[in-house]
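Here is what each chain is made of, one letter per residue.
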Amino acid sequence: MVSLKSKLFCTCPTDYRGKPPNTNICPICTGLPGALPVLNVKAVEEGLKIAVALHAEPSSASYFFRKSYFYPDLPKNFQITQYDKAGGVPLAHDGYYTLKKGKTIRIERIHMEEDPGRIYYEGGRGESRFSLVDYNRSGIALVEIVTSPDFTEPGEAREFLELLQKNLDEIGINVSEYEGSVRCDANISYAGGERVEVKNISGATEVEKALRYESVRQRNMATRGVKIRRETRSWDERRRITISSRSKEVEAEYRYMPEEDLPPVSLNQAIIKNIALNMRGSFEDRYRICTKYGVGEEAAKRLAGDPALYTLFMSIVGASGMDASRVGNVLANEFAFVVKKHNNPSLSGDISSLETIIRAYISDGDRSRFISATYSWISGIPVRAEEYKPKVDIDALIDKTLEKEIKNIGNLEGKRRLDYLMGQILKVSSQLNRKELYIKLQKKLEELG
Ligand SMILES: [Zn+2]
(Lines give C-alpha, C1' and ligand atoms only; values in the text may rest on other atoms or scores of the structure.)
Protein backbone atom coordinates (compact mmCIF):
# COMPACT_ATOMS: atom_id res chain seq x y z
CA MET A 1 0.00 0.00 0.00
CA VAL A 2 1.84 2.99 -1.31
CA SER A 3 -0.58 5.37 0.40
CA LEU A 4 1.21 4.58 3.68
CA LYS A 5 4.29 6.45 4.81
CA SER A 6 5.71 3.66 6.96
CA LYS A 7 5.96 -0.10 6.89
CA LEU A 8 3.46 -2.52 8.48
CA PHE A 9 5.32 -3.31 11.68
CA CYS A 10 8.05 -0.67 11.98
CA THR A 11 8.53 3.01 11.22
CA CYS A 12 10.88 2.58 8.25
CA PRO A 13 9.77 4.68 5.27
CA THR A 14 8.05 2.95 2.38
CA ASP A 15 9.51 5.03 -0.46
CA TYR A 16 12.18 2.60 -1.50
CA ARG A 17 11.96 3.37 -5.21
CA GLY A 18 15.20 4.86 -6.43
CA LYS A 19 16.87 4.44 -3.01
CA PRO A 20 20.18 2.59 -2.65
CA PRO A 21 19.56 -1.05 -1.65
CA ASN A 22 19.23 -1.87 2.05
CA THR A 23 18.92 1.68 3.34
CA ASN A 24 15.26 1.79 4.51
CA ILE A 25 15.72 -1.02 7.00
CA CYS A 26 15.78 -1.63 10.76
CA PRO A 27 16.02 -4.62 13.12
CA ILE A 28 12.26 -5.27 12.82
CA CYS A 29 11.98 -5.45 9.05
CA THR A 30 15.20 -7.41 8.72
CA GLY A 31 14.03 -9.85 11.36
CA LEU A 32 16.89 -9.51 13.83
CA PRO A 33 16.51 -11.61 17.00
CA GLY A 34 14.56 -9.85 19.73
CA ALA A 35 12.98 -7.22 17.50
CA LEU A 36 9.27 -6.77 18.22
CA PRO A 37 6.73 -5.78 15.56
CA VAL A 38 4.23 -2.98 16.29
CA LEU A 39 1.16 -2.79 14.06
CA ASN A 40 0.74 0.32 11.91
CA VAL A 41 -2.87 1.36 12.64
CA LYS A 42 -3.09 3.39 9.45
CA ALA A 43 -2.54 0.19 7.49
CA VAL A 44 -5.60 -1.36 9.11
CA GLU A 45 -7.66 1.69 8.15
CA GLU A 46 -6.51 1.53 4.55
CA GLY A 47 -7.21 -2.20 4.49
CA LEU A 48 -10.72 -1.53 5.71
CA LYS A 49 -11.32 1.00 2.96
CA ILE A 50 -10.39 -1.69 0.45
CA ALA A 51 -12.74 -4.10 2.20
CA VAL A 52 -15.62 -1.62 1.96
CA ALA A 53 -14.88 -1.01 -1.73
CA LEU A 54 -15.15 -4.76 -2.31
CA HIS A 55 -18.41 -5.06 -0.35
CA ALA A 56 -16.65 -7.35 2.10
CA GLU A 57 -17.57 -7.89 5.71
CA PRO A 58 -14.85 -6.61 8.09
CA SER A 59 -14.06 -9.01 10.94
CA SER A 60 -14.52 -7.65 14.43
CA ALA A 61 -11.31 -9.42 15.46
CA SER A 62 -8.61 -10.73 13.17
CA TYR A 63 -5.24 -12.29 13.94
CA PHE A 64 -1.72 -12.44 12.61
CA PHE A 65 0.04 -15.71 11.89
CA ARG A 66 3.57 -16.71 11.01
CA LYS A 67 3.93 -18.37 7.63
CA SER A 68 7.25 -20.16 7.58
CA TYR A 69 9.29 -20.72 4.49
CA PHE A 70 12.92 -20.47 3.64
CA TYR A 71 13.89 -18.03 0.94
CA PRO A 72 16.55 -15.34 0.83
CA ASP A 73 13.99 -12.51 0.50
CA LEU A 74 12.54 -13.42 3.89
CA PRO A 75 15.09 -12.65 6.61
CA LYS A 76 13.01 -13.98 9.56
CA ASN A 77 12.24 -17.23 7.70
CA PHE A 78 8.61 -16.48 8.33
CA GLN A 79 6.25 -13.90 6.95
CA ILE A 80 3.73 -12.23 9.22
CA THR A 81 0.40 -12.67 7.53
CA GLN A 82 -3.21 -13.48 8.25
CA TYR A 83 -4.69 -16.94 7.87
CA ASP A 84 -8.16 -18.29 7.39
CA LYS A 85 -7.72 -21.68 9.07
CA ALA A 86 -6.73 -22.93 12.54
CA GLY A 87 -8.72 -20.17 14.22
CA GLY A 88 -7.27 -17.53 11.91
CA VAL A 89 -9.59 -14.75 10.84
CA PRO A 90 -8.70 -12.38 7.97
CA LEU A 91 -9.33 -8.63 8.09
CA ALA A 92 -12.48 -9.01 6.00
CA HIS A 93 -14.32 -11.74 4.14
CA ASP A 94 -17.16 -12.55 1.73
CA GLY A 95 -17.34 -9.63 -0.66
CA TYR A 96 -17.99 -9.31 -4.35
CA TYR A 97 -17.04 -7.18 -7.28
CA THR A 98 -18.99 -6.66 -10.45
CA LEU A 99 -17.44 -6.54 -13.92
CA LYS A 100 -18.81 -4.26 -16.65
CA LYS A 101 -21.11 -6.82 -18.25
CA GLY A 102 -22.62 -7.60 -14.87
CA LYS A 103 -20.60 -10.71 -14.06
CA THR A 104 -19.91 -11.00 -10.36
CA ILE A 105 -16.55 -12.07 -9.00
CA ARG A 106 -16.76 -13.34 -5.44
CA ILE A 107 -14.16 -12.12 -2.97
CA GLU A 108 -13.28 -14.83 -0.46
CA ARG A 109 -11.12 -12.84 1.91
CA ILE A 110 -8.95 -9.79 2.33
CA HIS A 111 -5.95 -10.02 4.53
CA MET A 112 -2.92 -8.02 5.49
CA GLU A 113 0.63 -9.19 5.36
CA GLU A 114 4.16 -7.90 5.08
CA ASP A 115 6.02 -7.82 1.80
CA PRO A 116 9.27 -9.80 1.59
CA GLY A 117 12.45 -8.24 0.27
CA ARG A 118 13.27 -8.11 -3.40
CA ILE A 119 15.59 -10.49 -5.19
CA TYR A 120 17.49 -8.82 -7.95
CA TYR A 121 19.27 -10.43 -10.85
CA GLU A 122 21.79 -8.28 -12.57
CA GLY A 123 21.16 -8.36 -16.31
CA GLY A 124 18.02 -10.45 -15.98
CA ARG A 125 17.16 -13.73 -14.36
CA GLY A 126 18.52 -15.99 -17.05
CA GLU A 127 21.89 -14.28 -17.50
CA SER A 128 22.88 -13.16 -14.01
CA ARG A 129 25.57 -15.12 -12.16
CA PHE A 130 24.31 -13.75 -8.82
CA SER A 131 21.09 -13.26 -6.89
CA LEU A 132 21.19 -10.00 -4.97
CA VAL A 133 18.71 -9.10 -2.27
CA ASP A 134 17.36 -5.71 -1.23
CA TYR A 135 15.38 -5.47 2.03
CA ASN A 136 14.06 -1.94 1.46
CA ARG A 137 10.73 -3.46 0.50
CA SER A 138 10.76 -5.97 3.36
CA GLY A 139 7.93 -5.27 5.81
CA ILE A 140 5.90 -2.95 3.60
CA ALA A 141 2.17 -3.50 4.12
CA LEU A 142 0.38 -5.56 1.53
CA VAL A 143 -3.30 -6.19 1.30
CA GLU A 144 -4.04 -9.50 -0.32
CA ILE A 145 -7.40 -9.93 -1.99
CA VAL A 146 -8.36 -13.52 -2.66
CA THR A 147 -11.13 -14.11 -5.18
CA SER A 148 -13.07 -17.27 -5.80
CA PRO A 149 -12.24 -19.16 -9.03
CA ASP A 150 -14.84 -17.19 -10.98
CA PHE A 151 -12.81 -16.04 -13.98
CA THR A 152 -13.40 -18.09 -17.11
CA GLU A 153 -11.06 -16.28 -19.44
CA PRO A 154 -7.88 -14.16 -19.21
CA GLY A 155 -9.64 -10.95 -20.31
CA GLU A 156 -11.85 -11.05 -17.25
CA ALA A 157 -8.85 -11.13 -14.94
CA ARG A 158 -7.47 -8.07 -16.73
CA GLU A 159 -10.78 -6.23 -16.48
CA PHE A 160 -11.12 -7.04 -12.80
CA LEU A 161 -7.67 -5.65 -12.02
CA GLU A 162 -8.20 -2.55 -14.15
CA LEU A 163 -11.52 -1.70 -12.53
CA LEU A 164 -10.25 -2.45 -9.05
CA GLN A 165 -7.17 -0.30 -9.57
CA LYS A 166 -9.29 2.62 -10.75
CA ASN A 167 -11.65 2.16 -7.86
CA LEU A 168 -8.83 2.07 -5.29
CA ASP A 169 -7.33 5.25 -6.77
CA GLU A 170 -10.69 6.94 -6.35
CA ILE A 171 -10.89 6.10 -2.67
CA GLY A 172 -7.40 7.47 -2.08
CA ILE A 173 -5.28 4.30 -1.96
CA ASN A 174 -3.33 5.55 -5.03
CA VAL A 175 -2.33 2.20 -6.43
CA SER A 176 -1.55 3.54 -9.89
CA GLU A 177 0.95 6.09 -8.69
CA TYR A 178 3.90 3.70 -8.63
CA GLU A 179 4.76 0.83 -10.85
CA GLY A 180 4.67 -2.46 -9.03
CA SER A 181 2.20 -1.47 -6.34
CA VAL A 182 -0.35 -3.88 -7.72
CA ARG A 183 0.86 -7.42 -8.06
CA CYS A 184 -1.09 -10.49 -8.83
CA ASP A 185 -0.73 -14.21 -8.34
CA ALA A 186 -3.00 -16.01 -10.79
CA ASN A 187 -4.06 -19.62 -10.54
CA ILE A 188 -5.07 -21.42 -13.68
CA SER A 189 -6.13 -24.97 -14.35
CA TYR A 190 -6.85 -26.26 -17.81
CA ALA A 191 -9.72 -28.69 -18.35
CA GLY A 192 -9.74 -30.08 -14.85
CA GLY A 193 -5.95 -30.44 -14.61
CA GLU A 194 -3.93 -29.53 -11.52
CA ARG A 195 -3.83 -25.90 -10.54
CA VAL A 196 -0.76 -23.92 -11.61
CA GLU A 197 0.02 -20.69 -9.82
CA VAL A 198 1.77 -17.90 -11.69
CA LYS A 199 3.34 -15.56 -9.19
CA ASN A 200 4.34 -11.91 -9.16
CA ILE A 201 2.60 -10.61 -12.22
CA SER A 202 2.94 -6.86 -12.32
CA GLY A 203 -0.50 -5.67 -13.31
CA ALA A 204 -3.64 -5.90 -15.40
CA THR A 205 -2.22 -6.21 -18.92
CA GLU A 206 0.50 -8.61 -17.78
CA VAL A 207 -1.98 -10.88 -16.02
CA GLU A 208 -3.91 -11.31 -19.22
CA LYS A 209 -0.73 -12.10 -21.16
CA ALA A 210 0.51 -14.54 -18.52
CA LEU A 211 -2.80 -16.37 -18.37
CA ARG A 212 -3.03 -16.58 -22.16
CA TYR A 213 0.46 -18.03 -22.31
CA GLU A 214 -0.35 -20.53 -19.56
CA SER A 215 -3.61 -21.65 -21.13
CA VAL A 216 -1.82 -22.37 -24.42
CA ARG A 217 1.03 -24.16 -22.62
CA GLN A 218 -1.36 -26.28 -20.57
CA ARG A 219 -3.54 -27.06 -23.54
CA ASN A 220 -0.51 -28.22 -25.52
CA MET A 221 0.56 -30.44 -22.65
CA ALA A 222 -2.91 -31.90 -22.37
CA THR A 223 -3.01 -32.57 -26.12
CA ARG A 224 0.32 -34.41 -25.92
CA GLY A 225 -1.02 -36.42 -22.98
CA VAL A 226 1.43 -34.89 -20.50
CA LYS A 227 0.08 -34.67 -16.99
CA ILE A 228 -0.03 -31.13 -15.60
CA ARG A 229 1.56 -31.01 -12.15
CA ARG A 230 0.67 -28.60 -9.43
CA GLU A 231 3.48 -26.05 -9.40
CA THR A 232 4.42 -22.43 -8.96
CA ARG A 233 5.70 -20.53 -11.96
CA SER A 234 6.80 -16.98 -12.47
CA TRP A 235 6.03 -14.64 -15.32
CA ASP A 236 8.99 -13.34 -17.29
CA GLU A 237 7.69 -10.08 -18.74
CA ARG A 238 10.63 -9.62 -21.06
CA ARG A 239 10.51 -13.03 -22.67
CA ARG A 240 6.73 -13.36 -22.26
CA ILE A 241 6.85 -16.86 -20.88
CA THR A 242 6.23 -18.49 -17.53
CA ILE A 243 9.10 -20.31 -15.83
CA SER A 244 8.82 -23.04 -13.23
CA SER A 245 10.15 -21.54 -10.02
CA ARG A 246 9.75 -24.04 -7.22
CA SER A 247 7.31 -26.78 -6.55
CA LYS A 248 4.52 -25.42 -4.49
CA GLU A 249 4.78 -26.00 -0.75
CA VAL A 250 1.77 -27.81 0.53
CA GLU A 251 -0.04 -25.88 3.18
CA ALA A 252 1.33 -27.98 6.06
CA GLU A 253 4.89 -27.05 5.09
CA TYR A 254 4.21 -23.41 5.85
CA ARG A 255 3.70 -24.40 9.51
CA TYR A 256 1.25 -21.58 10.15
CA MET A 257 1.20 -20.60 13.79
CA PRO A 258 -0.20 -17.61 15.67
CA GLU A 259 2.10 -14.59 15.81
CA GLU A 260 2.15 -14.09 19.54
CA ASP A 261 4.16 -10.88 19.36
CA LEU A 262 1.05 -9.13 18.01
CA PRO A 263 -2.34 -8.75 19.70
CA PRO A 264 -5.53 -9.42 17.70
CA VAL A 265 -6.75 -6.57 15.49
CA SER A 266 -10.09 -5.66 17.01
CA LEU A 267 -12.50 -3.33 15.31
CA ASN A 268 -15.78 -2.08 16.64
CA GLN A 269 -18.72 -1.14 14.46
CA ALA A 270 -18.10 2.56 15.02
CA ILE A 271 -14.62 2.38 13.46
CA ILE A 272 -15.92 0.42 10.49
CA LYS A 273 -18.84 2.80 9.97
CA ASN A 274 -16.60 5.81 10.25
CA ILE A 275 -14.27 4.50 7.58
CA ALA A 276 -17.14 3.73 5.25
CA LEU A 277 -18.57 7.18 5.81
CA ASN A 278 -15.34 8.99 5.20
CA MET A 279 -14.49 7.28 1.96
CA ARG A 280 -14.31 9.51 -1.04
CA GLY A 281 -15.05 7.80 -4.27
CA SER A 282 -17.05 7.49 -7.40
CA PHE A 283 -20.78 7.87 -7.85
CA GLU A 284 -21.08 4.09 -7.48
CA ASP A 285 -19.22 4.13 -4.16
CA ARG A 286 -21.30 6.95 -2.81
CA TYR A 287 -24.49 5.31 -3.98
CA ARG A 288 -23.52 1.99 -2.44
CA ILE A 289 -22.66 3.57 0.89
CA CYS A 290 -25.96 5.49 0.97
CA THR A 291 -27.99 2.37 0.29
CA LYS A 292 -25.91 0.42 2.79
CA TYR A 293 -27.12 2.83 5.43
CA GLY A 294 -30.70 2.29 4.44
CA VAL A 295 -31.34 5.29 2.19
CA GLY A 296 -33.92 4.42 -0.48
CA GLU A 297 -32.78 4.00 -4.10
CA GLU A 298 -34.08 7.30 -5.46
CA ALA A 299 -32.78 9.36 -2.56
CA ALA A 300 -29.42 7.52 -2.67
CA LYS A 301 -29.07 8.40 -6.34
CA ARG A 302 -29.63 12.07 -5.62
CA LEU A 303 -27.19 12.11 -2.71
CA ALA A 304 -24.54 10.22 -4.65
CA GLY A 305 -24.95 12.49 -7.65
CA ASP A 306 -24.30 15.64 -5.64
CA PRO A 307 -20.99 15.57 -3.75
CA ALA A 308 -21.94 18.60 -1.59
CA LEU A 309 -25.17 16.97 -0.50
CA TYR A 310 -23.39 13.68 0.03
CA THR A 311 -20.80 15.36 2.25
CA LEU A 312 -23.57 16.90 4.37
CA PHE A 313 -25.20 13.51 4.69
CA MET A 314 -21.92 11.95 5.82
CA SER A 315 -21.17 14.68 8.33
CA ILE A 316 -24.61 14.58 9.91
CA VAL A 317 -24.94 10.82 10.05
CA GLY A 318 -21.37 10.34 11.24
CA ALA A 319 -21.63 12.91 14.02
CA SER A 320 -25.18 12.59 15.25
CA GLY A 321 -26.01 8.92 15.27
CA MET A 322 -29.39 9.82 13.75
CA ASP A 323 -31.23 7.33 11.59
CA ALA A 324 -29.23 7.50 8.36
CA SER A 325 -32.10 6.50 6.09
CA ARG A 326 -34.36 9.30 7.36
CA VAL A 327 -31.59 11.91 7.26
CA GLY A 328 -30.77 10.80 3.71
CA ASN A 329 -34.37 11.07 2.60
CA VAL A 330 -34.83 14.53 4.10
CA LEU A 331 -31.62 15.79 2.49
CA ALA A 332 -32.38 14.29 -0.90
CA ASN A 333 -35.96 15.58 -0.96
CA GLU A 334 -37.11 18.56 1.12
CA PHE A 335 -33.65 19.97 1.72
CA ALA A 336 -32.54 19.60 -1.92
CA PHE A 337 -35.80 21.25 -2.98
CA VAL A 338 -35.01 24.40 -0.99
CA VAL A 339 -31.40 24.45 -2.17
CA LYS A 340 -32.44 24.19 -5.80
CA LYS A 341 -35.07 26.87 -5.43
CA HIS A 342 -32.45 29.28 -4.12
CA ASN A 343 -29.98 28.79 -6.95
CA ASN A 344 -27.74 26.20 -5.37
CA PRO A 345 -25.80 28.22 -2.78
CA SER A 346 -22.63 26.78 -1.26
CA LEU A 347 -23.61 24.49 1.56
CA SER A 348 -20.99 25.55 4.03
CA GLY A 349 -23.09 26.45 7.07
CA ASP A 350 -22.72 25.08 10.56
CA ILE A 351 -23.46 21.36 10.57
CA SER A 352 -24.80 21.15 14.09
CA SER A 353 -27.50 23.76 13.30
CA LEU A 354 -28.58 21.81 10.26
CA GLU A 355 -28.61 18.69 12.37
CA THR A 356 -30.95 20.40 14.87
CA ILE A 357 -33.33 21.44 12.10
CA ILE A 358 -33.42 17.96 10.57
CA ARG A 359 -33.85 16.33 13.94
CA ALA A 360 -36.86 18.51 14.69
CA TYR A 361 -38.37 17.82 11.30
CA ILE A 362 -37.94 14.07 11.60
CA SER A 363 -39.58 14.18 14.96
CA ASP A 364 -42.57 16.45 14.28
CA GLY A 365 -42.97 16.42 10.49
CA ASP A 366 -43.62 20.19 10.34
CA ARG A 367 -42.73 20.77 6.72
CA SER A 368 -43.27 24.50 6.46
CA ARG A 369 -41.14 25.18 9.52
CA PHE A 370 -38.43 22.93 8.08
CA ILE A 371 -38.47 24.75 4.74
CA SER A 372 -38.13 28.20 6.32
CA ALA A 373 -35.42 26.98 8.71
CA THR A 374 -33.50 25.44 5.82
CA TYR A 375 -33.79 28.70 3.92
CA SER A 376 -32.29 30.53 6.93
CA TRP A 377 -29.52 27.99 7.18
CA ILE A 378 -28.46 28.20 3.53
CA SER A 379 -28.63 32.02 3.74
CA GLY A 380 -26.28 32.05 6.71
CA ILE A 381 -28.88 33.28 9.21
CA PRO A 382 -28.03 31.83 12.64
CA VAL A 383 -30.39 29.06 13.75
CA ARG A 384 -31.39 29.14 17.40
CA ALA A 385 -31.53 25.56 18.60
CA GLU A 386 -34.19 26.24 21.24
CA GLU A 387 -36.64 27.19 18.49
CA TYR A 388 -36.37 23.73 17.03
CA LYS A 389 -37.17 21.64 20.03
CA PRO A 390 -39.42 19.02 18.53
CA LYS A 391 -43.06 19.69 19.18
CA VAL A 392 -44.48 16.41 20.32
CA ASP A 393 -47.88 15.92 21.83
CA ILE A 394 -46.93 13.77 24.81
CA ASP A 395 -50.49 12.92 25.77
CA ALA A 396 -51.34 11.71 22.30
CA LEU A 397 -48.14 9.70 22.16
CA ILE A 398 -48.95 8.04 25.52
CA ASP A 399 -52.45 7.14 24.35
CA LYS A 400 -51.16 5.74 21.09
CA THR A 401 -48.50 3.67 22.84
CA LEU A 402 -50.92 2.28 25.42
CA GLU A 403 -53.27 1.23 22.69
CA LYS A 404 -50.48 -0.53 20.83
CA GLU A 405 -48.89 -2.16 23.88
CA ILE A 406 -52.04 -3.21 25.72
CA LYS A 407 -51.36 -6.91 25.12
CA ASN A 408 -47.73 -6.67 26.16
CA ILE A 409 -48.24 -4.95 29.50
CA GLY A 410 -50.83 -7.40 30.86
CA ASN A 411 -48.23 -9.36 32.83
CA LEU A 412 -46.25 -6.37 34.02
CA GLU A 413 -46.96 -4.61 37.25
CA GLY A 414 -46.24 -1.26 38.83
CA LYS A 415 -42.78 0.09 38.10
CA ARG A 416 -41.96 -2.57 35.52
CA ARG A 417 -45.01 -1.62 33.51
CA LEU A 418 -44.06 2.04 33.75
CA ASP A 419 -40.44 1.40 32.73
CA TYR A 420 -41.49 -0.75 29.80
CA LEU A 421 -43.81 1.93 28.45
CA MET A 422 -41.18 4.64 28.99
CA GLY A 423 -38.81 2.54 26.90
CA GLN A 424 -41.32 2.09 24.10
CA ILE A 425 -42.13 5.78 23.93
CA LEU A 426 -38.52 6.92 24.02
CA LYS A 427 -37.75 4.51 21.22
CA VAL A 428 -40.16 6.47 19.04
CA SER A 429 -39.25 9.93 20.26
CA SER A 430 -35.92 10.05 22.03
CA GLN A 431 -35.82 13.84 22.53
CA LEU A 432 -38.73 13.95 24.97
CA ASN A 433 -38.28 15.41 28.41
CA ARG A 434 -38.04 12.23 30.46
CA LYS A 435 -39.28 13.73 33.70
CA GLU A 436 -42.37 15.19 32.10
CA LEU A 437 -43.08 11.94 30.29
CA TYR A 438 -42.63 9.91 33.48
CA ILE A 439 -45.08 12.05 35.46
CA LYS A 440 -47.71 12.03 32.73
CA LEU A 441 -47.39 8.34 32.14
CA GLN A 442 -47.65 7.59 35.88
CA LYS A 443 -50.82 9.67 36.08
CA LYS A 444 -52.33 7.97 33.07
CA LEU A 445 -51.66 4.50 34.44
CA GLU A 446 -53.19 5.46 37.77
CA GLU A 447 -56.30 6.64 35.96
CA LEU A 448 -56.52 3.33 34.15
CA GLY A 449 -56.05 1.46 37.45
ZN1 LIG B 1 12.02 -1.34 9.54
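Residues numbered from 1 in each chain as written. Predicted model: local features only at pLDDT ≥ 70, side-chain atom pairs only at ≥ 80, totals over all residues.

1. Focus: the overall build of the chain
Then, number 1: A tally of helices and strands in the chain yields 13 helices and 15 strands.
Then, number 2: Against the compact-globule benchmark of 22 Å for 449 residues, the chain has a radius of gyration of 29 Å, which places it well outside the compact range.
Then, number 3: Oriented by its inertia axes, the alpha-carbon framework of the chain measures out at about 95 × 55 × 50 Å.
Then, number 4: Residues counted as buried form 31% of the 449 residues belonging to the chain.
Then, number 5: The contacts in the chain between residues at least 6 apart in sequence include a share of 66% that link residues at least 24 apart. (Helix = DSSP H or I, 4+ residues; strand = E, 2+ residues; numbered from the N terminus. Rg over C-alpha atoms; globule rule 2.2 N^0.38 Å. Buried ≥ 20, exposed ≤ 12 C-beta atoms within 10 Å, placed from the backbone. Contact = placed C-beta atoms within 7 Å.)

2. Some points on the pairing of strand 6 (residues 104-114)
Remember that side chains alternate between the two faces of the sheet whenever the strand is regular.
Then, number 1: Bridging between strand 5 (residues 92-98) and strand 6 involves 6 bridges; their strand directions are antiparallel. Bridge pairing in strand 6 links H93 to R109.
Then, number 2: In this antiparallel pair of consecutive strands, strand 5 and strand 6, the connection spans 5 residues, and G102 shows a positive phi of 95°. (Pairing = 2+ DSSP bridges.)

3. Remarks on the sheet that holds strand 5
Then, number 1: Spatial strand order, 1-5-6-9: 4 strands in an open sheet with antiparallel pairing. Of all strands in the sheet, those bounded by a partner on one side alone are strand 1 (57-58) and strand 9 (141-147).
Then, number 2: The pairing of strand 1 with strand 5 spans 2 bridges and is classified as antiparallel. Note on strand 5: the bridge partner recorded for E57 is H93.

4. Remarks on the sheet that holds strand 14 (residues 257-258)
Then, number 1: On the basis of which strands lie adjacent, the open sheet formed by 3 strands has the order 4-3-14 and antiparallel pairing. One side of each edge strand has no neighbouring strand; the edge strands of this open sheet are strand 4 (78-81) and strand 14.
Then, number 2: Bridge analysis of strand 3 (residues 65-68) against strand 14 gives 2 bridges, and the strand direction is antiparallel. Along strand 14, the bridge assignment pairs R66 with M257.

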